[in-house]
Amino acid sequence: MITLNDYLYSGNTIPKILLTYITDLRKDAKRTHNEIDLVHCNFLLQIKELLEHNDFLTAQSQQIREFYKYMAKEYPFLAFTFKGRIKSLIRAEEKFNGYIVEYISDYYSEHGTYPPVAELKNKLNCFRDLIAYRIVISIPKCHLKPGQDRETEELKYLYQIANVLPEFLEERGFTTESANGIKCSTSPLMNEDVKPYYRDYICDQNVYGYRSLHITFYDNSSRSYMEMQLRTKTMDDIAEIGSANHMNYEKHQETERSKRDLIPRGENLYFDEAYARGMRLLQLDLSELDVNMFAAINNNLINDGCGLYRGRLILPYEHLSRFQNDLID
């Protein structure tokens with residue numbers, strides 16, 4: 001079985017690693033008539049093209065910068081950041097294989113059999129967050145009036161921003177994508193006309209406490225999808241360094257093992273391979289890797305200059321609240 005892990009010890013650059021991995025995976029998929037590995041190759045090609053030909057991101061980020069300027073004018077008392085990233089190679093590989101494991105196990109639990117290959121291939125055409133931007137807002141304490149609750153006030157402004165974002169970007173060459181009823185918002189703070197586009201993880205947070213608003217746009221100029229996430233600082237802390245962070249290794253591993261126990265070994269090749277690839281990635285010792293522009297002392301102390309483990313940054317903008325010593329009427 002061809003796995004990404006085998007290409008992370010040669011000192012090569014990320015593009016060379018991707019090219020070699022894709023070439024070998026495609027060759028093996030054709031030899032074994034593995035249709036899912038061919039889909040896997042096409043998925044990896046998207047990442048390779050983003051990393052090699054990302055000039056369009058300059059134009060894209062300039063359009064999003066216009067919304068940053070709008071917020072700075074409309075909400076001078078808010079502190080906020082705009083960040084953009086291309087999903088890291090390891091995280092993208094984890095997500096692709098994890099989705100196969102999740103979909104097959106859920107289908108098996110419901111039907112007692114395995115999904116048709118055509119249906120699985122169709123479900124794997126769902127990744128819209130290889131490019132993602134995040135807006136994080138905060139109200140400095142000096143701007144809270146006596147009796148005001150910080151979380152309540154921040155939620156009010158977060159939903160206000162969410163309400164105007166779709167129309168703002170559509171006027172600048174983006175198409176808002178339907179959320180297809182997934183995590184549809186029940187908040188009275190969100191306008192009815194924009195609810196079909198948002199996945200609201202604030203109203204329907206998961207067991208790890210993850211909270212955020214997600215919306216997907218299609219960039220008509222670059223012909224690519226991008227996701228935007230809107231959070232308060234508290235929500236972002238929970239997602240990045242709290243109970244919902246991607247590094248929650250033991251819980252993730254426990255969940256994956258339970259899915260492995262559900263599916264008999266050897267009955268479904270696609271599940272077996274995706275599960276094995278995912279578990280090998282979870283067990284990586286980053287300090288042993290030899291990838292150009294990447295170094296790690298351990299799995300916490302990491303200097304990633306190539307987008308192997310952490311997403312490659314596109315757009316870092318920071319707005320520090322004005323009038324820090326003054327109350328705003």
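Read on for a plain summary of the structure. (Residues numbered from 1 in each chain as written. Predicted model: local features only at pLDDT ≥ 70, side-chain atom pairs only at ≥ 80, totals over all residues. Heavy atoms only, no water.)

Okay, the environment of L18 next. Within the secondary structure, L18 is located in helix 1 (residues 14-32). Considered as a pair, L18 and K48 are 30 residues apart in the sequence and their alpha carbons are 6.6 Å apart. (Helix = DSSP H or I, 4+ residues; strand = E, 2+ residues; numbered from the N terminus.)

Applying the stated criterion to the full structure yields 21 salt bridges. Two residues, K48 and E52, come together in a salt bridge whose shortest N-O distance is 3.0 Å. Here K48 pairs with E52, and both are found in helix 2 (residues 35-52), just 4 residues apart, close to one helical turn. A salt bridge links E154 to R150, with the shortest nitrogen-to-oxygen separation between them at 3.5 Å. With a gap of 4 residues between them, E154 and R150 both fall in helix 6 (residues 150-170), about one helical turn apart. By relative accessible area, E154 is classed as buried at 4%. (Salt bridge = Lys/Arg side-chain N within 4 Å of Asp/Glu carboxyl O. Buried < 20%, exposed > 50% of the residue type's maximum accessible area, 1.4 Å probe, protein only.)

Turning to the packing of helix 3 (residues 56-74) against helix 6, a few remarks are in order. At a minimum axis distance of 11 Å, the contact between helix 3 and helix 6 shows a crossing angle of 140°. Our classification of the angle between helix 3 and helix 6 gives oblique. Viewed along their axes, helix 3 and helix 6 form a crossing whose handedness is right-handed. On helix 6, the residues that touch Q63, E66, F67, Y70 and M71 of helix 3 are I161, V164, L165, F168 and L169. (Axes fitted to C-alpha atoms, helices over the stretch in contact; angles between N-to-C directions. Parallel < 35°, antiparallel > 145°, perpendicular 65-115°, else oblique. Left-handed = near helix turned anticlockwise from the far one by under 90°. Contact = heavy atoms within 4.5 Å.)

A rise of 1.5 Å per residue sets the reference length of helix 3, with its 19 residues, at 27 Å; its end C-alpha atoms lie 28 Å apart and thus fit the reference within 8%. Of all the positions in helix 3, only L57, Q60, S61, I64, F67, Y68, M71 and A72 are classed as buried. (Expected span 1.5 Å × (residues − 1).)

Turning our eyes to something else, we now look at the packing of helix 1 against helix 2. Taken N-terminus to C-terminus, the directions of helix 1 and helix 2 make an angle of 160°; their axes are 9 Å apart at the nearest point. Taken together, helix 1 and helix 2 sit at an angle that is classed as roughly antiparallel. For the pair helix 1 and helix 2, the crossing hand works out as left-handed. On helix 2, the residues touching I14, P15, L18, L19, Y21, I22, L25, R26, A29 and K30 of helix 1 are D37, L38, H40, C41, N42, L44, L45, I47, K48, L51 and E52. Broken down by class, the residue content of the contact of helix 1 with helix 2 amounts to 14 nonpolar, 2 polar and 5 charged. (Nonpolar A, V, L, I, M, F, W, Y, C, P; charged D, E, K, R; others polar.)

Another aspect to go through is the side chain of R277. Assignment of secondary structure puts R277 in helix 9 (residues 269-282). By relative accessible area, R277 is classed as buried at 4%. Aside from chain neighbours lying at most four places away, what touches R277 is M1, I2, T3, Y21, L25, D37, H40, E93 and N97.

Our next topic: the environment of R128. Of note, R128 is situated in the loop between helix 5 (117-123) and strand 2 (131-138). Other than its neighbours up to four places away in sequence, R128 contacts T216, Y225, M226 and E227. A distance of 3.5 Å separates a polar side-chain atom of R128 from the backbone oxygen of N125. (Polar contact = N/O pair within 3.5 Å; in protein donor to acceptor, adjacent residues only side chain to side chain.)

Our next topic: the side chain of H319. Along the polypeptide, H319 turns up in strand 10 (residues 317-319). Residues in contact with H319, not counting those within four places in the same chain, are Y68, A72, Y75, P76, L78, A79 and F80.

Grouped together as the largest cluster of nonpolar side chains are 93 residues, with contacts concentrated most on F82, M228, F294 and L308. The element contributing the most residues to this core is helix 4 (residues 89-111), with 10 residues. Discounting residues that sit within four places of it in the chain, L308 has contacts with L8, I14, S88, L89, I90, L289, V291 and F294. (Core = buried A, V, L, I, M, F, W, Y, C linked by side-chain atoms within 4.5 Å.)

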